[in-house]
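Inside the fold
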Amino acid sequence: MNISFTPPKLPRSGVAILLIPEGARLTGIAAEADRRTGGHVGRAMTAAGFTGRRDTTLDIVAPGGGLSRIILFGLGAPTALRPLDLEMLGGAVAGVLQAVKAEAATLAADVALASLSPAEAAALIASGVRLRVYGFTRYKSKKPDARPLREVNLLTADASGARRRFAALEAVAEGVHLARDLVNEPPNILHPVAFAARLKPLVKLGLKLTILTPAQMKRLGMNALLGVAQGSAHEARLAILEWRGGKAGEAPLAFIGKGVTFDTGGISIKPAQGMEDMKGDMGGAACVAGLMMALAKRKARVNAIGAIGLVENMPDGNAQRPGDVVTSMSGQTIAVLNTDAEGRLVLADVLWYVQQRFKPRFMIDLATLTGAILVALGKEHAGLFSNSDELAQRLGEAGYATGEKVWRMPLAPEYDKIIDHDVADVKNTGGRYAGSITAAQFLQRFVNNVPWAHLDVAGTAMDAPRSSINQSWGSGWGVRLLDRLVAQYYER
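Along each chain, residues carry numbers from 1 onward, in the same order as the chain's sequence is written. Only residues with pLDDT of at least 70 get local features here, since the model is predicted, and only at 80 or more are side-chain atom pairs given and counted; chain-wide, interface and lining totals rely on the full set of residues. Working from all heavy atoms in the structure, the side-chain values ignore hydrogens and water.

All right, on to unusual backbone geometry then. Non-glycine residue Lys 359 carries a positive phi angle of around 45 degrees. By the criteria applied, helices consist of DSSP H or I runs no shorter than four residues and strands consist of E runs no shorter than two, each listed in order from the N terminus. Along the chain, the position of Lys 359 falls in the loop between helix 10 (343-358) and strand 13 (362-367).

What follows is the structure in structure tokens.
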């Protein structure tokens, strides 16, 4: 879709969106619209009892003055708005435009906030529009009858400034859409080899892509990752994306994604009910792909690595068995007591590889790792585990700013003892209690002293609560969070 910015001037025709502060008199574009329609806007507000209360709308059809529709959006008290609220507002506007089947609209986007310039406010509203206008209809034989929303023009006093600020936000939105696409794809289409192939177009953005095959991973000793894949007809892959936008030789930031493109549970097979959702067990990998795309498209001034471990967990005659012992790349041996605790096996080798190969400044992994995190936190927060207070605090602040919220969970030696094993160095499950914590403790054994955070996104990457900026089953969760982290704390 096309999003543009122009100086404030009420259009001669079409659909106009007006933002109305609570209790305020009509001013600016809104006052002009009222005059042009012979006072129809003011009369409609009075008749409907519309006061500009936050999140209320008033749809005025055929108001006159050449306009086919005027839609009023209540801002509430502008001083109470956060930047995130403006993105949500943009998403809500797009949702209403989609509902009324508008193909194009003009939005008066000047919002007076002490903390933001008019350009910043307009760009954030536009970001919300861009995030909301997403659909996954690739496999629909009959496309929707209505044409999609194709164009939104935002009116702002600083149109050129808004265009500059929106460029980076649009790059992030496109990364979110890539992540959503990947999670929404059916598993017969997006198996590990196909996922890796989907990353190849990103090379045109300036990213370097390396794809390791099973033979290469075998030589590196990645037996934990390969063990998960051995029951599938589709080979495993390890995809490494590199962005070099920072100083030469500067240690990169590392982002690692669990990419189980479908998880049956293996021999420890899952119940049939709901298993179809396990196409989303690569939500962490999708986030990393979307993040790396966003960093490259907005030319982030940082060095970054995106590492994606790709497997399919299937239960054929060659599949890994409960009770098997594998030797990880680190040399640590792992007793595989439950083949459905497979994501941590994939991440164990990828974490080790990344820290050995790239010597990163920090590592953040994202994984739809445990159902236990939904029991603890539901779908409103991702679980955060970290060996670094600074990194954890920064992730928390970025989560608050973007609405992609995290909640820190404990790590402690007492939990770590639960995953000791009498035959191997460690077992891949600690039992029923503290399941998310013992999974994180397992990962920590493959981290050494690198600052590290683990995000358990089982409740947020797929089938997450819908919002004004996301109506998709695959949410693209984490792209905005991590881009914010990078931009606020690590770009030079």
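After presenting the structure, the write-up continues.
Our focus in this paragraph is the pattern of salt bridges. A side-chain nitrogen of Lys or Arg and a carboxyl oxygen of Asp or Glu constitute a salt bridge if their distance falls within 4 Å. Within this structure, the stated rule accounts for 26 salt bridges. Between Glu 185 and Arg 138 there is a salt bridge, and its shortest N-O distance comes to 2.2 Å. Remark: Arg 138 occurs in the loop between helix 4 (118-132) and strand 6 (151-155) and Glu 185 occurs in the loop between helix 5 (159-184) and helix 6 (192-198); sequence separation between them is 47 residues. A simple rule labels every residue: compare its accessible area, found with a 1.4 Å probe on the protein chains alone, to the largest value its type can have, and call it buried under 20%, exposed over 50%, or partly exposed in between. Owing to a relative accessible area of 1%, Glu 185 belongs among the buried residues under this scheme. Its salt-bridge partner being Asp 281, residue Lys 258 comes within 2.9 Å of it at the nearest N-O pair. In this pair, Lys 258 sits in strand 9 (residues 253-263) while Asp 281 sits in the loop between strand 9 and helix 9 (283-297), placing the two residues 23 residues apart along the sequence. Judged on exposure class, the residue Lys 258 and its partner Asp 281 are both buried. Ionic contacts of the salt-bridge type, sharing partners, join the residues Arg 130, Glu 170, Glu 174 and Lys 297 into one network.

Moving on to the packing of helix 10 against helix 14 (residues 435-444). Where helix 10 meets helix 14, the closest approach of the two axes is 9 Å, and the angle between their N-to-C directions is 30 degrees. Classified by the angle between their axes, helix 10 and helix 14 sit roughly parallel to one another. As for how helix 10 packs across helix 14, the hand of that crossing is right-handed. Residues Arg 344, Leu 345, Leu 347, Ala 348 and Leu 351 of helix 10 lie in contact with helix 14, whose contacting residues are Ala 439, Phe 442 and Leu 443. Each residue gets one of three labels, nonpolar for Ala, Val, Leu, Ile, Met, Phe, Trp, Tyr, Cys and Pro, charged for Asp, Glu, Lys and Arg, and polar for the others, Gly among them. A per-class count over the contact of helix 10 with helix 14 returns seven nonpolar, no polar and one charged. Axes here mean lines fitted to C-alpha atoms, for a helix over just the part in contact, with angles spanning 0 to 180 degrees between N-to-C directions. The scheme is simple: roughly parallel for angles under 35 degrees, roughly antiparallel for over 145, roughly perpendicular for 65 to 115, oblique for anything else. By definition, turning the near helix anticlockwise from the far helix through less than a right angle yields a left-handed crossing, and turning it clockwise yields a right-handed one. In this analysis, two residues are considered to be in contact whenever any of their non-hydrogen atoms come within 4.5 Å of each other.

Turning our attention to helix 10. Helix span, expected: 1.5 Å multiplied by one less than the number of residues in the helix. The end-to-end C-alpha distance of helix 10, which contains 16 residues, comes to 22 Å, matching closely the 22 Å that a straight helix rising 1.5 Å per residue would cover. Burial analysis of helix 10 places 14 of its 16 residues in the buried class, the great majority of the element.

Time to look at the sheet that holds strand 6. The pairing criterion is simple: DSSP has to find at least two bridges between the two strands. Spatially, the six strands line up as an open sheet ordered 1-6-5-2-4-3, and their pairing is mixed. At either end of the open sheet lies a strand with only one pairing partner, and these are strand 1 (2-6) and strand 3 (57-64). The mean angle between the axes of side-by-side strands here comes to 20 degrees, regardless of whether they run parallel or antiparallel. With six bridges connecting them, strand 3 and strand 4 (residues 67-76) associate as antiparallel partners. Residue pairing in the sheet places Gly 64 in a bridge with Leu 67 of strand 4. Those strands touched by helix 2 (residues 40-48) are strand 2 (14-21), strand 3 and strand 4, and its axis lies near 140 degrees from that of strand 3. With respect to the sheet, helix 4 is in contact with strand 1, strand 2, strand 5 (104-108) and strand 6, its orientation differing from that of strand 1 by roughly 165 degrees.

Side-chain atoms within 4.5 Å link the members of a nonpolar core, which is a set of buried Ala, Val, Leu, Ile, Met, Phe, Trp, Tyr and Cys residues. Within the largest apolar cluster, 63 residues are counted, with the highest numbers of intra-cluster contacts made by Phe 255, Ile 364 and Leu 482. Sequence-distant contacts of Ile 364, that is, excluding residues within four places in its chain, are made with Ala 254, Phe 255, Ile 256, Leu 391, Leu 395, Ala 453, Leu 455, Leu 482 and Leu 485. Ranked by size, the runner-up nonpolar core spans 43 residues in total, among them Leu 225, Ala 236, Ile 305 and Ala 348.

This paragraph deals with the packing of helix 12 (residues 389-402) against helix 15 (residues 479-489). It is at 9 Å that the axes of helix 12 and helix 15 come closest, and there the two elements cross at 115 degrees. Relative to helix 15, helix 12 is oriented so that their crossing is right-handed. Counted together, Leu 391, Arg 394, Leu 395, Glu 397, Ala 398, Gly 399, Ala 401 and Thr 402 of helix 12 and Arg 480, Leu 481, Leu 482, Arg 484, Leu 485 and Tyr 489 of helix 15 form the full contact between these two elements. When its residues are assigned to classes, the contact of helix 12 with helix 15 shows eight nonpolar, two polar and four charged.

Scope: geometric values only; no functional claims are made or implied.
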